[in-house]
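# Analysis of the macromolecular model
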Amino acid sequence: MADSDTFIPSLHKPAALLPIARHKDALLYTIETKQVTIVVGQTGSGKTTQLPQYLERAGYCNDGKLIAVTQAPTTVAARVAQEVGCQLGQQVGYSIRFEDVTSAATKIKFLTDGLLLREALVDPLLTRYSVIVVDEAHERSLSSDVLLGVLKKVLKRRPELRVVVSSATLVADEFVRFFAGEDGEEGRIVNIEGRAFPVDVHYLSAAVEDYLERAIKTVFEIHADEPEGDVLVFLTGRDEIERAIEMVADRLPGLPKDADALVPLPLYAGLPTEQQMYVFEPTSEGTRKVIFATNIAEASVTIEGIVFVIDCGFVKLRAYNPTTGIETLTATPVSQASATQRAGRAGRTKPGKCYRLYTESAFESLPETTIPEIQRSNLAPIILQLKALGIDNIARFDFLTPPPAELIVRALELLYSLGALDDYVKLTKPLGTRIAEIALEPMLAKCLLSSPSFSCLSEMLTIAAMTSLQGNVWFSHGSKKQEEPARRKFAVEEGDHLTLLNVYQAFVTKGKRDSKWCQQHYLNFRSMIRAVSIRNQLKRYLERFGMDVSESLTGDASAVLRAGGVPKEESIRRCLTSGYFAHAARMAPDGTFRTVDGGTVLHAHPSSLMFNRNADWVIFTEIMETGDKTYIRDVTKIEKSWLLEYGSSFYHIKS
DNA sequence: AGGTTTACT
């Protein structure tokens, strides 16, 4: 409030100047005459902000229907509401996991594609909507791919429905082909691209061994030889970014005395938001920013004033190995599409230059596009969702790009062993339909749904919420030496899950849900608040299923309560095994773990209690291979016999 | 003895 008289720089062009304005009539005509329209244009062309307003004014909301837009709901919705001149949640609203800012008056609704898919569970033909805009479809995320497949089916049943797919140039044809009807007619693409400035691309004449070193050298060459303009360097991860910044800092004293200042800045998702903001601050006279960024700067975040781009040619990509069931995170050569997108970041305000730290022939041999997520992910969650939508034959579902058969088989095996699918590969009732409905990863959903039979429903609700935070429970501000003892205060011998339970209980009782208390105990306050929300949401799901969620005073988690003669902690560990039997391992004498088949060496993640403790058999929630090691996280001790007791069909399939 | 691209239900 005290700052109400400061100036805020305008981030946005007046609507009339946006490239889309010139194409308004063409767009509305195509949308009126064709069921599917593909809009090609860069971020910033006004697609997401203007198009929904055009549609609304053209009468697409007349009979009480809504326009859905699947794009960064919170930020874009606020802007459109402002342009329309309404309060957020009135004509323009948005909906994300824990927030529904819509009302009976809402006509334009921004929501995530995941949420829209969930709405289809209740309303399979999405009858509330007259137009559905699927934004940034070229990014080929798992959920937008599945959504497009579902929409293709819905369109057959709803001739009046309109779908708008927004995409970058490179792949627009793929969407046209995908949606082409029996007549195979063309002309559904509307190109609204604004003029970008030319970007001069430079390659290395010979490959280099150490691209980081070469990147730094290039930064200093640009700084010495080129006119003003900021530099954006694409690297693969936090580690590299931090090293790069040190390297620049080390060499700054070597600059001539009269040289402009050079300011290195990091940008990656894990960076606290306050620190991310520095990269957006305009450079002052006589300084040049060098931003070292991950892929976040390729599409998600746009920084004005970039004139030079340095591209290391690699990106860290997630993949899933269907044979081992292990997820990997490895540096992979970028695709040509990615490299083009990166280069384009240099030409937003004036002509720019892009330096690729590889040879031109290396570029030629890169894959044209990045492999879509659907071809490298664990498909169990989406297969469940499709089944819940009544799409039973997964192999025959019309995917934009079909996933490999091994991924489907692996997912079906797991779902069957969890009891979500029957011998006819149909969703079981009620277990399968409920696992599909709960917004949790299937193994965790199974734990939660079987918790009443282990008399630990309240505890599993908490554990499910806490593990959903995916390792963001602990806050590290600076000194790591103080962090460890702080964690140990909450430690429970049996493992990480019970420790997490302990942390949550302490937060809501002793900690009084207070941020200062979190700081004292090295806990991430925002994550803990989120855990409370997730827990409430999960509880509501269970209520809807008619389960008894009345929570009698549960008391302290570390206290051993007895239920039917079994210690509470044992019930919880058994319950966890009933969902995570497929994630089992045994500790070897050297403190590392082996998978059940003995084939893979696993390491407890340094944030796990089991990092330096003894155990025999364990289950774990997360497994990921990075670089040369495979880490497991959220690890809990179990008895070997429980694996067969709860996961017999899984181990039967495997042997 | 040591760590994860970015989105999200």
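Residues numbered from 1 in each chain as written. Chains lettered and ligands numbered in written order. Predicted model: local features only at pLDDT ≥ 70, side-chain atom pairs only at ≥ 80, totals over all residues. Heavy atoms only, no water.

### Quick word on the protein's contact with DNA strand B
What counts is decided by this rule: By convention in this text, a residue qualifies as near a molecule or strand provided that one of its non-hydrogen atoms is within 4 Å of it. Residues adjacent in sequence count toward polar contacts only when both atoms are side-chain atoms; beyond that, a polar contact is any pair of N or O atoms within 3.5 Å, and within protein one must be able to donate a hydrogen and the other to accept it. In the scheme used here, Gly and all other residues not listed as nonpolar or charged are polar, with Ala, Val, Leu, Ile, Met, Phe, Trp, Tyr, Cys and Pro taken as nonpolar and Asp, Glu, Lys and Arg as charged.
Lining the immediate environment of DNA strand B, one finds 24 residues, of which Ala269, Arg318, His605, Phe611 and Arg633 sit closest. Taking arginine 318, its side chain carries an N or O atom lying 2.6 Å from a base oxygen of DNA strand B. Taken together, the residues that form the surface near DNA strand B break down as 10 nonpolar, 6 polar and 8 charged.

### Notes on the pattern of salt bridges
This is how the line gets drawn: When a carboxyl oxygen of Asp or Glu lies within 4 Å of a side-chain nitrogen of Lys or Arg, that pair is called a salt bridge. Exposure classes here rest on a 1.4 Å probe applied to the protein chains alone. A residue is buried below 20% of its type maximum, exposed above 50%, and partly exposed in between. Segments assigned H or I by DSSP are reported as helices when at least four residues long, segments assigned E as strands when at least two residues long, and all are numbered from the N terminus.
Evaluated as defined, the whole model comprises 26 salt bridges. When the shortest N-O distance is used, the salt bridge between arginine 158 and glutamate 160 registers 2.9 Å. Judged by its relative accessible area of 4%, arginine 158 falls in the buried class. Given the relative accessible area of 48%, glutamate 160 is considered partly exposed. Here glutamate 242 ties to arginine 238 by a salt bridge, and the two come within 3.6 Å at their closest N and O atoms. Of the two residues, glutamate 242 and arginine 238 are both situated in helix α8 (residues 238-251); the distance of 4 residues between them amounts to about one turn of the helix.

### Quick notes on the packing of helix α16 (residues 457-467) against helix α18 (residues 496-508)
Heads up, the condition is: A fitted line through C-alpha atoms represents every axis, and for helices the fit uses only the stretch in contact; the resulting angles, taken between N-to-C directions, go from 0 to 180 degrees. Any angle that falls under 35 degrees is termed roughly parallel, while one over 145 is termed roughly antiparallel, one within 65 to 115 roughly perpendicular, and all others oblique. By definition, residues are in contact when any of their heavy atoms lie within 4.5 Å.
Where α16 contacts α18, the axes come no closer than 9 Å and their chain directions differ by 95°. For the element pair α16 / α18, the angle class is roughly perpendicular. Contacts from Glu459, Thr462, Ile463, Met466 and Thr467 of α16 reach α18 at His497, Leu500, Leu501, Val503 and Tyr504. Its residues placed into classes, the contact of α16 with α18 shows 6 nonpolar, 3 polar and 1 charged.

### Describing unusual backbone geometry
With omega at 0°, the peptide bond leading from lysine 429 into proline 430 counts as cis. Tracing the sequence through the fold places proline 430 in the loop between α13 (405-418) and α14 (431-437). Positive phi values are uncommon outside glycine, yet tyrosine 522 reaches one of about 60°. In this structure, tyrosine 522 sits in the loop between α19 (515-520) and α20 (525-544).

### Focus on the side chain of threonine 236
Looking at the secondary structure, you find threonine 236 in the loop between β10 (230-234) and α8. What threonine 236 contacts, discounting residues up to four positions off in sequence, is Tyr211, Thr294, Cys312, Phe314, Val315, Lys316 and Ala331.

### Here we look at the domain arrangement of chain A
Test applied: The split of the chain into domains comes from an automatic or database domain assignment.
Looking at the assigned domains, one finds that chain A contains domain 1 (15-191), domain 2 (199-371) and domain 3 (438-547 + 557-654). Computed over C-alpha atoms, the centres of domain 1 and domain 3 are 39 Å apart.

### Section: the UniProt feature "domain: Helicase C-terminal" (unreviewed entry) in chain A
We count it as follows: UniProt positions are given in the numbering used here, feature names are shortened, and annotations may be inferred rather than shown by experiment.
Sites flagged by UniProt as "domain: Helicase C-terminal" (unreviewed entry) map to residues 215-390. A distance of 52 Å separates the end C-alpha atoms of residues 215-390, which is 30% helix and 28% strand.

### Structural notes on helix α7 (residues 211-225)
Under the convention used in this document: One less than the residue count of a helix, multiplied by 1.5 Å, gives the span that helix is expected to have.
Under the 1.5 Å per step criterion, the end-to-end length of α7 is 20 Å for 15 residues, consistent within 8% with the ideal 21 Å. Of the positions making up α7, those classed as buried are Tyr211, Leu212, Arg214, Ala215, Ile216, Thr218, Val219, Phe220, Ile222 and His223. Sitting at the head of α7, aspartate 210 places a side-chain oxygen 3.1 Å from the backbone nitrogen of leucine 212.

### A word on a negative patch on the surface
For clarity, the threshold we go by: Each patch is assembled from residues with relative accessible area greater than 30% and no salt bridge, linking like charges that lie within 9 Å and nonpolar side chains (Val, Leu, Ile, Met, Phe, Trp, Tyr) that lie within 5 Å. Here the accessible surface of atoms and residues is derived via Shrake-Rupley with a 1.4 Å probe, and residues count as covered only by protein chains that are part of the display. Neither His nor the chain ends is counted toward charge; the positive residues are Lys and Arg and the negative residues Asp and Glu. Lysine's charge is taken at NZ, arginine's at CZ, aspartate's at CG and glutamate's at CD.
Side chains of Glu228, Asp258, Asp260 and Glu285 sit close together on the surface and give a patch of like negative charge. Locating aspartate 260 in the fold gives a position in the loop between α8 and β11 (261-267). Aspartate 260 gets classed as partly exposed once you look at its relative accessible area, which sits at 43%.

### With respect to the nonpolar core
Looking at soluble globular proteins, one finds that nonpolar side chains tend to be buried together. Our working definition: For the purposes of this section, nonpolar cores are sets of buried Ala, Val, Leu, Ile, Met, Phe, Trp, Tyr and Cys residues that join through side-chain atoms within 4.5 Å.
Ranked by size, the top nonpolar core spans 113 residues in total, and within it Ile438 and Leu542 carry the most contacts. Here this core gets 8 residues from one element, more than from any other, and that element is helix α5 (residues 142-157). For this core, the two domains that each supply at least three residues are domain 1 (15-191) and domain 3 (438-547 + 557-654). For isoleucine 438, the residues in contact, after removing those within four places along its chain, are Arg118, Ala445, Leu448, Leu449, Leu538, Tyr541, Leu542 and Phe545.

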